[in-house]
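Given next are the chains, with one letter for each unit.
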Amino acid sequence: MASLHPSSIAAHEDGEDHVKQVSQQQKELDAGALFVLKSKGSWVHSGYHLTTSIVAPPLLSLPFAFTFLGWAAGILCLVIGGLVTFYSYNLLSLVLEHHAQLGRRHLRFRDMANDILGPRWGRYYVGPIQFMVCYGAVIACTLLGGQCMKAIYLLSEPNGSMKLYEFVIIFGFLMLILAQIPSFHSLRHINLISLILCLAYSACATAGSINIGNSSKGPKKDYSLKGDTESRIFGIFNAIAIIATTYGNGIIPEIQATIAPPVKGKMFKGLCVCYTVLIMTFFTVAISGYWAFGNESEGLLLSNFVDEGKSLVPKWFILMTNIFTILQLSAVGVVYLQPTNEVLERTFADPNSKEFSARNVIPRIVSRSLSVVIATTIAAMLPFFGDINSVIGAFGFMPLDFILPVVFYNLTFKPSKRSPIFWLNITIAVVFSTLGVIAAFAAVRQITLDAKTYRLFANV
């Protein structure tokens, strides 16, 4: 009879202990964590999720942000935003890995806040802010999807009678179907397609901009900053809010929760995938769009491809680019719906029943459908939601993505006050806290200036 080496026996016992620990943790999970945040994915899947949540159609507004900053400041802000968020997201991942190794794996942002800052921070600050940011992103995606659909409609029917809210409702039906996908991990294939789509419409936007910029069809290139001194100052902070929101994520812990244990080092690889795609898209779109249209760049770059009803590039090209954008918007919307789905599942589902039992399926369909209907209704009613979303971005994405990661790292690892990393983290927290407050003020100011043009269900 073969005998086992003592080290093999020890390894076997360690393996059994790990299985027992995982099994015990599974029993302790609530329905939201158990059914929505399944830990079955690889680092490649996390790369898909990260890319979908960050490299999204709001990147088409980067040339517009440059109109407030100019060439040098615009590129500098884009570079700083990329460096700081990549650094912050890695710090957040390291904190999550550290707690997982201690046997307290955090699956949600509010779980981290509960453990590191205290229960009140998680319940009354981080949890509500994350929900507001993510649900706001769902509304914004639904509105933008409706606007892209309307742009396609006007290409074929310039004098058509259909209103914006009708297209928002059509896009809402697509979201209603996708919202029923059971878990975050189940989106991995959709998010791979989403990654390809973001590369596709970014390439189209870049190619279209270069084509128009090299022709006589586009506006005369003017890179001067518009407005008086006050408008320029507030414009700078509006642009910073736009860039921060474009880099924003807000769901790093939830994405890391989808990775099968052990998680060490996997999130870094996923971030490398994401930021490779990000560099290929953000910088090409921002630079080519601003080069082609200068200070005439619109809030959505694709709007510049049509001038007074006349297409500056072939209609089929605009149609194709908008279709790519619409399809990716649906993926982005359903990714940002996951924190809402997790809350709904935790509230209405029974973790002791099977995931696809009638006891859990019926509340799941009803609650998720209702959340999408509410988001679609808000998007249809408030077509000026972009202004409101700027405030949400300043109050939400700034703390979640720029400030809390460095605070969590310093409180968890307690680096020496003489170390560069301690003071780098403090500097990031102070600078971006200040920028967040000023950007929020600038966004509120913009709402007051635009308020006279606001109409419910407006056809803009």
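Placed above this text is the structure.
These remarks concern the structure in this document.

Considering the packing of helix H7 (residues 164-178) against helix H14 (residues 358-381)
How two helices sit against one another is set out by the angle between their axes and by the gap between those axes.
Moving on, step 1. At a minimum axis separation of 9 Å, H7 and H14 run at an interaxial angle of 160°. The pairing of H7 with H14 is recorded here as roughly antiparallel in orientation. Our pair here, H7 against H14, has a crossing hand that is right-handed. Across from Tyr165, Val168, Ile169, Gly172, Met175 and Leu176 in H7, the residues of H14 making contact are Ser369, Val372, Thr376, Ala379 and Ala380.
Moving on, step 2. Looking at the contact of H7 with H14 residue by residue, the classes come out as eight nonpolar, three polar and no charged.

Let's talk about the side chain of Arg108
Moving on, step 1. Position of Arg108 among the secondary structure elements: in the loop between helix H4 (62-101) and helix H5 (109-116).
Moving on, step 2. Overall, Arg108 belongs to the buried group, its relative accessible area being 8%.
Moving on, step 3. In terms of polar contacts, Arg108 uses its side chain to reach the side chain of Asp30, at 3.0 Å.
Moving on, step 4. In this structure the side chain of Arg108 is engaged in a polar contact, spanning 3.0 Å, whose partner is the side chain of Asp111.
Moving on, step 5. In this structure Arg108 touches Asp30, Ala33, Leu37, Pro253, Glu254, Glu342 and Arg346, once residues within four positions along its chain are discounted.

Examining a nonpolar patch on the surface
Moving on, step 1. Taken together, the side chains of Ile75, Val79, Leu83 and Ile287 make up a nonpolar region of the molecular surface, amounting to roughly 300 Å² of accessible area.
Moving on, step 2. Counting residues per element, the nonpolar patch draws most heavily on H4, which supplies three residues.
Moving on, step 3. Note on placement: Leu83 falls in helix H4.

Section: the environment of Ile243
Moving on, step 1. As for its placement among the helices and strands, Ile243 is situated in helix H9 (residues 229-247).
Moving on, step 2. Given a relative accessible area of 4%, Ile243 falls into the buried group.
Moving on, step 3. When the C-alpha positions of Ile243 and Trp43 are compared, they lie 26 Å apart, and in sequence the two are 200 residues distant.
Moving on, step 4. Once residues lying within four places of it in the same chain are set aside, the contact partners of Ile243 are Leu62, Ala65, Leu69, Cys77 and Leu78.

Thoughts on the nonpolar core
Moving on, step 1. Formed by 119 residues in total, the largest nonpolar core has its most connected members in Leu60, Phe282 and Phe408.
Moving on, step 2. Counting residues per element, this core draws most heavily on helix H6 (residues 119-156), at 16 residues.
Moving on, step 3. Once you skip the residues sitting within four places of it in the chain, Phe282 turns out to touch Ile54, Val55, Leu59, Leu62, Leu78, Thr246 and Tyr247.

Some remarks on the packing of aromatic side chains
Moving on, step 1. Counted under the stated rule, the structure contains 19 aromatic pairs.
Moving on, step 2. Arranged with centres 5.1 Å apart and planes meeting at 85°, the rings of Phe64 and Phe68 form a pair that is edge-to-face. Remark: Phe68 and Phe64 occur in helix H4; sequence separation between them is four residues, near one turn of the helix.
Moving on, step 3. Judged by its relative accessible area of 26%, Phe64 falls in the partly exposed class.
Moving on, step 4. Here Phe68 falls in the partly exposed class, since its relative accessible area comes to 24%.
Moving on, step 5. Ring geometry for Phe66 and Trp71: centres 6.5 Å apart, planes at 85°, overall edge-to-face.
Moving on, step 6. Three or more aromatic residues joined by ring pairs form one cluster here, namely Phe66, Trp71, Tyr223 and Tyr290.
Moving on, step 7. The ring centre of Trp291 lies 4.8 Å from the NZ or CZ of Lys221, which sits over that ring.

Concerning unusual backbone geometry
Moving on, step 1. The step from Pro261 to Pro262 runs through a cis peptide bond, and the omega angle for that step is -5°.
Moving on, step 2. Within the secondary structure, Pro262 sits in the loop between helix H10 (252-257) and helix H11 (266-293).

Remarks on helix H16 (residues 420-450)
Moving on, step 1. Along its 31 residues, H16 runs 44 Å from first to last C-alpha, staying within 8% of the 45 Å computed at 1.5 Å per residue.
Moving on, step 2. Taken together, the buried positions of H16 are Phe422, Asn425, Ile428, Ala429, Phe432, Leu435, Gly436, Ala439, Ala440, Ala442, Ala443 and Arg445.

Thresholds applied
The written sequence of each chain sets the order in which its residues are numbered from 1. Per-residue local features are limited, in this predicted model, to residues with pLDDT of at least 70; the limit for side-chain atom pairs, both in listing and counting, is 80 or more; totals at the level of whole chains, interfaces and linings are taken over all residues. With hydrogens and water stripped out, all remaining heavy atoms of the structure feed into the side-chain values. Simply put, an axis is a line fit to the C-alpha atoms, just over the touching stretch for a helix, and the angle between two N-to-C directions goes from 0 to 180 degrees. Comment: elements are numbered from the N terminus, with helices defined as DSSP H or I runs of at least four residues and strands as E runs of at least two. An angle below 35 degrees is read as roughly parallel, one above 145 as roughly antiparallel, one from 65 to 115 as roughly perpendicular, and any other as oblique. Note on convention: near helix rotated counterclockwise from far helix by under a right angle means a left-handed crossing. Clockwise means right-handed. By the convention used here, residues are in contact when the closest approach between their heavy atoms is within 4.5 Å. Each residue gets one label: Ala, Val, Leu, Ile, Met, Phe, Trp, Tyr, Cys and Pro are nonpolar, Asp, Glu, Lys and Arg are charged, and the others, such as Gly, are polar. A 1.4 Å probe rolled over the protein chains alone gives each residue an accessible area, and that area as a share of the maximum for its type sets the label: buried under 20%, exposed over 50%, partly exposed in between. In protein, a polar contact means a hydrogen-donor-capable atom and an acceptor-capable atom, both N or O and within 3.5 Å, with residues adjacent in sequence counting only if both atoms are side-chain atoms; elsewhere, any N or O pair within 3.5 Å suffices. Patches here: salt-bridge-free residues with over 30% relative accessible area, like charges joined within 9 Å, nonpolar side chains (Val, Leu, Ile, Met, Phe, Trp, Tyr) joined within 5 Å. To measure how exposed things are, a 1.4 Å probe is used in the Shrake-Rupley method; for residues, cover is taken only from the protein chains shown. When a carboxyl oxygen of Asp or Glu lies within 4 Å of a side-chain nitrogen of Lys or Arg, that pair is called a salt bridge. Nonpolar cores are built from buried Ala, Val, Leu, Ile, Met, Phe, Trp, Tyr and Cys residues. Side-chain atoms within 4.5 Å join them into one set. For Phe, Tyr and Trp, rings pair up if their centres lie within 6.5 Å, where Trp contributes its six-membered ring, and each pair is then called stacked (planes under 30 degrees apart), edge-to-face (over 60) or tilted (otherwise). Whether a charge sits over a ring comes down to the Lys NZ or Arg CZ being within 6 Å of the ring centre and within 35 degrees of the ring normal. By this rule, a helix spans an expected 1.5 Å times one less than how many residues it contains.

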